[in-house]
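# Structural features, examined
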Amino acid sequence: MITEPLTFQARYGRGDELVQLFREFYPKLKAGGVQGARLYTDATGRMFTVVVESDFADMAAYARYLSDSGRYADPEFGAWFARMTEVAESGERQVLNVEVFA
C-alpha cells in the first residue's frame, strides 16, 4: 500500500476553511481511486497545519490516480483549487510505502 500525505500550512486563522475545503473535495478523491483518507489538524507545533493522507493499493494505482483523473483539466477542480490556494500558504507532498508490523 502507498500513502500520500499532503501537508499544508494555512494562512493565519484560516485552518478551519482549509479543512472545510478538503471535506468538500473528499467525494472526488474516493471517485479517483483513493482507498482511504484521513484529515489531520495540528494539536501542537506550527499553527494552522492541515495534513490530508490518501491511501492507494500500490504505485500503479497512485500513478493512475494522477494521470486518469485529469484533475487539472477539470473546471470543477480548477475552481476548487483556486479557492484552496487563497487559503493555503504552502504545501508539501510525500509518497510513502506502508510497512506493517509482523
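The rules behind each value
Residues numbered from 1 in each chain as written. Predicted model: local features only at pLDDT ≥ 70, side-chain atom pairs only at ≥ 80, totals over all residues. Heavy atoms only, no water. Helix = DSSP H or I, 4+ residues; strand = E, 2+ residues; numbered from the N terminus. Rg over C-alpha atoms; globule rule 2.2 N^0.38 Å. Buried < 20%, exposed > 50% of the residue type's maximum accessible area, 1.4 Å probe, protein only. Areas by Shrake-Rupley, 256 points an atom, 1.4 Å probe, with all protein chains shown as cover. Lys, Arg positive; Asp, Glu negative; His and termini not counted. Charge placed at Lys NZ, Arg CZ, Asp CG, Glu CD.

## A few points about the overall build of the protein
Of the regular secondary structure elements, the protein holds three helices and five strands. Element order for the protein, N to C, with α for helix and β for strand: β-α-β-β-α-α-β-β. For a compact globule of 102 residues, the expected C-alpha radius of gyration is about 13 Å, and the protein comes in at 14 Å, within 12% of that figure. Projected onto the principal axes, the alpha-carbon positions of the protein cover approximately 40 × 40 × 20 Å. By residue count, 33% of the 102 residues in the protein fall in the buried class. By element, 54% of the accessible surface of the protein is carried by carbon and sulfur atoms, the whole surface being about 6,500 Å². Of the side-chain charges in the protein, 11 are positive and 15 negative, and the distance between the mean point of each set is 2 Å.

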